[in-house]
Structure formats: C-alpha cells, structure tokens
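Topology and contacts: notes
These are the residues of each chain, in order.
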Amino acid sequence: MNILDRYLLREYLKAFVVGLLFFIALIIIVRLLDYDLKKFEDNISYITAVKIVLYQAPRRIMEMVPIAGFVAVFFTLGRMVRSNEFTAMKAGGISVYRLLAPILIVTLIICGLFAVFYNRVASPAFHEAHLLQNKVKPQRGRNVVFRGKNSRVFYSQRIALDAQEISQLTIYEYDAEEQLDRITFAKAATWTPTHWELSDGYIRHFEQGVEVDYETFDTYTIERHEDPARFIGSEKDPRAMTIKELREQIAYKREAGQISRKEQVKLYHKTAYPFAAVVVVMLGAPIAIRFGRAGFFAGLVIAFFLSFIYWALSFATLEGLSENGKLHPFLACWGANILYAVVGSVLIWRTPK
C-alpha cells in the first residue's frame, strides 16, 4: 500500500465513520425517540421504552450504512475535485480505476463486517424489541411449524391456547439418520399435562423413505414433551431470525409441505442488503467526480434520493413481488444490487480518464 492509498483510505474512512455516527444519532433521536415512542402503550414503563429503542437501534443502523458510504465517497472525491487533487493525480498517470480500487475494496470489507453484525446482532435485538412491545402473549396462531424433542416436527394449521385445542395437527418423526420414520395426522388435538390426545386421523409408517404401513384411528394418545404455548412463541418474525434460523424454518416448512416464500425472501435479503453500500459507492464515485464541486449538502440530497430509490425498488417492489410468488427470491433481493452495480460500472467506465 503506497502513500496515495493510505491518504485516500484515511480520508474516506474518516468521512464514513463521522457520517455513520451522525446518521445513527439522527435515526435514534428523530425516528425512534420521536416516532416509535409515541406508539407505545401508556402502561409501558420508561425503562422498557428505552430498552425497545436500544434493541431497535442496530437494525436502524443497517439502514444508514449505504447512505454513509455514499456521503463519504462523495465528500472525499468531491473535495479532491474542488482542490484540483484529482486533476493532479490524473496528470500523474493515475487512472480512475486505480483511484477507486482501494475505496471499493475497503467498502467491501466493511460490508462483510456489517453482514455479520446484521445477522448476529441486529436480528436478535429486533426480536427482543418485538417481545417487549408485545407484552400480551398471543393466544392463537395459524400455520405454525415447531421442532420438538425426539426429532419430531409439528405443523398445526390452527392453534388456540385459550380453548386448548389444535386443528389439523401433523407430526413428523425422524429416525437417528434423519430419515422420515412416521407421519401422524389428526383433524383435532387437545392436550393434558403429559400427553397429546389426537382424534380422527391416520398414521403413515416409512422405511428408508418408502411408505410401508398405513392405519387410521378415531382417538390416539402419545406422550407430550412440548409446551403448546411455545408453538406460537416459536412463530418468530422472519425479520428477527438469523440466517441459520431462517434456513431451519424453510426446511421445516418444506417438510410440512407449506409455502416458505417469505422466509426465503428474508434469507436472501440478509445476504444482499449488507452489501448495498458497495454498489451505492460504485454509483456515488463517478457522480462525485462529475458533480463534486456542488458541495457536501448536494451529495447528501443525492445520497438520500438514491437510497430512497434503492429501498423502493428492493423492498417495496421486488421483495413484495417475490413474497407473492411472482419473482425468484434471489433476483428480488439481489436485483437492486445488480442494477446499481451495472449502472455504477457504466458511469465509472464513462468517467473521463
């Protein structure tokens, strides 16, 4: 790494950190404290409200990373354009590609770190905030998949804890080699402290994935290890799931023969969105070189505009189409990144060398 690389990275990282800290403070104070707290119920204590704000903050921080990246590259390159440093570098034989390479590499590393942060910190924290906001535990649930003990997977179409009954309960049991061993289905189910009491159903037995026996029953009782209240509690918001949890949930729903489009979209989203800053910087660099003389506030306006277009395209349009089954989840979540990367690459290519 030469002197020029160190100079560029120092200026870029300094602008990125300052911008990110500014936007973090802005989003917490304005969006969380001013907006979210107004939605809290009167019986939520101040301490609980503060906890909710802090738990929601990591997810809000992720929303600001692309904006901070754009503002940083716009400010850094724009200042170089205004001070004629960029012209001097080009006169010295340094190409635009060589100039942008260290910035893009460092941005990619930053995005990788934030991808881990999004998965390991922001998602679990969002779940904790969700639990605090919903103090009253749900009593009913629909299309719930739950993994119980002894390699059993439960799928219940409807569950009512207050009435203590389940409608359309299917229990998948697996052997030690994770091969399907038995499927038990009941149109209705209730429970006692120690047993599941099933009615009007059937049992299918399997060996090496092949069905070998089938029997029906009017009533049937099996030992219960699971707490039915956890069935609804396990129906976690996909936005609050880690990548591992999403993969498990997708596998469970597939085993239960249920649609898992929403979970698939969120899975691809968690891998695509952290890298939005890279493509935004690719788009912002040539804009900064062309219009950097307009100043910092012009860059701020452009950053918010491009980020708004990104969110509208990615979240409101493409991911919505994917959840409705009209677009593959990968294309829905990575589509905005691909589009911004292509446009940014073209703009960089057309930037005067």
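Cut-offs and rules
Residues numbered from 1 in each chain as written. Predicted model: local features only at pLDDT ≥ 70, side-chain atom pairs only at ≥ 80, totals over all residues. Heavy atoms only, no water. Helix = DSSP H or I, 4+ residues; strand = E, 2+ residues; numbered from the N terminus. Buried < 20%, exposed > 50% of the residue type's maximum accessible area, 1.4 Å probe, protein only. Phe/Tyr/Trp six-rings, centres within 6.5 Å; stacked < 30°, edge-to-face > 60°. Lys NZ or Arg CZ within 6 Å of the ring centre and 35° of its normal. Expected span 1.5 Å × (residues − 1). Axes fitted to C-alpha atoms, helices over the stretch in contact; angles between N-to-C directions. Parallel < 35°, antiparallel > 145°, perpendicular 65-115°, else oblique. Left-handed = near helix turned anticlockwise from the far one by under 90°. Contact = heavy atoms within 4.5 Å. Nonpolar A, V, L, I, M, F, W, Y, C, P; charged D, E, K, R; others polar. Core = buried A, V, L, I, M, F, W, Y, C linked by side-chain atoms within 4.5 Å. Salt bridge = Lys/Arg side-chain N within 4 Å of Asp/Glu carboxyl O. Polar contact = N/O pair within 3.5 Å; in protein donor to acceptor, adjacent residues only side chain to side chain.

1. Quick notes on unusual backbone geometry
- Backbone geometry at Asn-84 places phi at a positive 65 degrees, although glycine is not the residue there.
- As for its placement among the helices and strands, Asn-84 is situated in the loop between helix H2 (46-82) and helix H3 (85-91).
- Owing to a relative accessible area of 43%, Asn-84 belongs among the partly exposed residues under this scheme.
- Its identity is not glycine, yet Asp-200 carries a phi of approximately 55 degrees, on the positive side.
- Locating Asp-200 in the fold gives a position in strand S5 (residues 195-207).
- A residue is classified by how much of its surface remains accessible, and Asp-200, at 42% relative accessible area, is partly exposed.

2. Quick word on the packing of aromatic side chains
- Scanning the entire structure with this criterion turns up 15 aromatic pairs.
- Consider the rings of Tyr-118 and Tyr-273, whose centres lie 6.5 Å apart with planes at 70 degrees: the pair is edge-to-face. Of the two residues, Tyr-118 sits in helix H4 (residues 96-133) while Tyr-273 sits in the loop between helix H7 (261-272) and helix H8 (276-291), which places them 155 residues apart along the sequence.
- Where Phe-217 meets Tyr-220, the ring centres are 5.2 Å apart and the plane angle is 35 degrees; that geometry is what we call tilted.
- Through pairs of rings, three or more aromatic residues link up here, namely Tyr-118, Tyr-273, Tyr-310 and Tyr-340.
- Taking the ring centre of Trp-196 as reference, the NZ or CZ of Arg-224 above it sits at 5.9 Å.
- Cation over ring: Lys-270 sits above Tyr-118, and NZ or CZ is 4.6 Å from the ring centre.

3. Considering helix H10 (residues 329-350)
- Between its first and last C-alpha atoms H10 spans 32 Å; for 22 residues at 1.5 Å apiece the expected length is 32 Å, and the two agree.
- For H10, the full list of buried residues reads Pro-329, Ala-332, Cys-333, Gly-335, Ala-336, Asn-337, Tyr-340, Ala-341, Gly-344 and Ile-348.

4. Regarding the packing of H4 against H8
- The contact between H4 and H8 brings their axes to 9 Å, and the two run at 150 degrees. Classified by the angle their axes make, H4 and H8 are roughly antiparallel. Helix-helix and strand crossings are classified by hand; for H4 and H8 the assignment is right-handed. Of H8, the residues touching H4 (which contributes Val-96, Leu-100, Ile-103, Leu-104, Thr-107, Leu-108 and Cys-111) are Ala-277, Val-278, Val-281, Met-282, Ala-285 and Ile-289.
- Among the residues forming the contact of H4 with H8, the class breakdown is 12 nonpolar, 1 polar and no charged.

5. Some remarks on the packing of H7 against H10
- Here H7 crosses H10 at 30 degrees, and the two axes come no closer than 8 Å. One element, H7, and the other, H10, form an angle in the roughly parallel class. In terms of crossing hand, the pair formed by H7 and H10 is right-handed. Residue-level contacts link Gln-264, Val-265, Tyr-268, His-269, Thr-271 and Ala-272 of H7 to Pro-329, Phe-330, Cys-333, Trp-334 and Asn-337 of H10.
- Grouping the amino acids of the contact of H7 with H10 by side-chain chemistry returns 7 nonpolar, 4 polar and no charged.

6. Thoughts on the nonpolar core
- Counting 57 residues, the largest nonpolar core has Phe-16, Leu-20 and Leu-77 as the members making the most contacts within it.
- Among the secondary structure elements, those contributing two or more residues to this core are helix H1 (3-33), H2, H3, H4, H8, helix H9 (296-323) and H10.
- With 14 residues, H2 is the single largest residue contributor to this core.
- In contact with Leu-77, other than residues within four places in its own chain, are Leu-99, Leu-100, Ile-103, Ala-285, Ala-288 and Ile-289.
- Counting residues in hydrophobic clusters, the runner-up holds 18 residues, among them Leu-161, Leu-169, Ile-171 and Ala-186.

7. Some remarks on the pattern of salt bridges
- With the rule as written, the count across this model stands at 11 salt bridges.
- With its nearest N and O atoms 4.0 Å apart, the salt bridge here joins Arg-10 to Glu-11.
- Judged by relative accessible area, Glu-11 falls into the buried class, the value being 12%.

8. With respect to the side chain of Lys-270
- Among the secondary structure elements, Lys-270 is positioned in helix H7.
- A polar contact is formed between the side chain of Lys-270 and the backbone oxygen of Arg-239, at a distance of 3.3 Å.
- Not counting chain neighbours up to four residues away, the residues in contact with Lys-270 comprise Tyr-118, Ser-123, Pro-238, Arg-239, Met-241, Ile-243 and Leu-246.

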